[in-house]
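Letter by letter, the chains look like this.
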Amino acid sequence: CSSDLERLVTRMMAKGIRAEFAERVFEQVRGFGEYGFPESHAASFALIAYATAWLRCHWPVEFTCALLNAQPMGFYQPAQIVGDAIQNGAEVRPVDVNASDWDCTLEKTDGPKCALRLGFRQVTGLAEEDLRRMVERRTTPYRDPADLWRRGGLTRRQILALARADAFASLGMTR
């Protein structure tokens with residue numbers, strides 16, 4: 001241990017760092033090494049990191065869907081997650097009053113891969129219970145915002161939130 005200390009201090013001093021400071025750095029590193037990241041924790045974390053990377057590489061749409069439905073997790077914002085998926089070739093379909101559910105879902109495409117349909121959970125200002133009820137009442141496609149209001153049971157504020165989210169494309173409407 002003393003040879004490690006000497007080696008570190010000598011090299012830090014060669015770079016213009018005072019010996020007292022170099023010794024304090026060594027003690028902090030040694031103290032952290034005694035409790036900071038035990039081998040079992042490192043192995044466990046490595047397994048999770050590997051599995052996550054494998055899923056993201058081989059099943060990017062499914063991985064993104066699951067990640068978005070697990071929010072909030074405090075790491076990345078949904079827009080960053082969606083942007084990464086698009087950048088890596090995923091087809092992402094927007095929130096739509098006639099296609100979305102509360103959670104993000106997978107949709108069939110003409111090709112072998114699925115597309116990701118964004119869910120209503122991505123729209124600020126919507127309550128899960130209200131949107132789940134609206135989806136249950138969607139026995140036929142909604143024709144216009146008035147039909148959505150009558151059959152879907154949403155409030156004016158919720159319909160405006162959907163409009164701001166550009167969720168009326170299937171009705172031929174933009175924000």
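Residues numbered from 1 in each chain as written. Predicted model: local features only at pLDDT ≥ 70, side-chain atom pairs only at ≥ 80, totals over all residues. Heavy atoms only, no water.

1. Topic: the nonpolar core
Most often, soluble globular proteins keep nonpolar side chains buried together rather than apart. If you look at the biggest cluster of nonpolar residues, it comprises 29 residues, and the most contacted ones within it are Phe-120, Leu-126, Leu-148, Leu-162 and Phe-168. Of all the secondary-structure elements, those providing two or more residues to this core are helix H4 (60-69), helix H5 (78-87), helix H6 (128-136) and helix H8 (156-164). Sort the elements by how many residues they give to this core and H8 lands first, with four residues. (Core = buried A, V, L, I, M, F, W, Y, C linked by side-chain atoms within 4.5 Å. Buried < 20%, exposed > 50% of the residue type's maximum accessible area, 1.4 Å probe, protein only. Helix = DSSP H or I, 4+ residues; strand = E, 2+ residues; numbered from the N terminus.)

2. A closer look at the sheet that holds strand S1 (residues 92-93)
Two pairing modes exist for strands in a sheet, parallel and antiparallel, and in both the strands are linked by backbone hydrogen bonds. Judged by pairing direction, the sheet is mixed, and its three strands sit side by side in the order S1-S3-S2 without closing on themselves. Looking at strand neighbours, the two that pair on one side only are S1 and strand S2 (105-107), the edges of this open sheet. Summarising the sheet, S1 and strand S3 (residues 115-117) pair through two bridges and their orientation is parallel. Within the sheet, the bridge partner assigned to Val-92 lies in S3 and is Leu-116. Across the sheet, H4 lies against S2 and S3, angled at about 15 degrees from S3, the strand it touches most. (Pairing = 2+ DSSP bridges. Contact = heavy atoms within 4.5 Å. Axes fitted to C-alpha atoms, helices over the stretch in contact; angles between N-to-C directions.)

3. Quick notes on the pattern of salt bridges
All chains considered together, the criterion is met by 13 salt bridges. Between Arg-132 and Asp-103 there is a salt bridge, and its shortest N-O distance comes to 3.8 Å. In this pair, Arg-132 is assigned in helix H6 and Asp-103 in the loop between S1 and S2, connecting sequence segments 29 residues apart. On the basis of relative accessibility, which here comes to 37%, the residue Arg-132 falls in the partly exposed class. The class for Asp-103 is partly exposed, based on a relative accessible area of 24%. For Asp-130, the salt bridge is made with Arg-133, and the minimal N-O distance between the two is 2.9 Å. A residue pair is termed a helical-turn pair when its members lie 3 or 4 positions apart in one helix, as Asp-130 and Arg-133 do in helix H6 at three residues. (Salt bridge = Lys/Arg side-chain N within 4 Å of Asp/Glu carboxyl O.)

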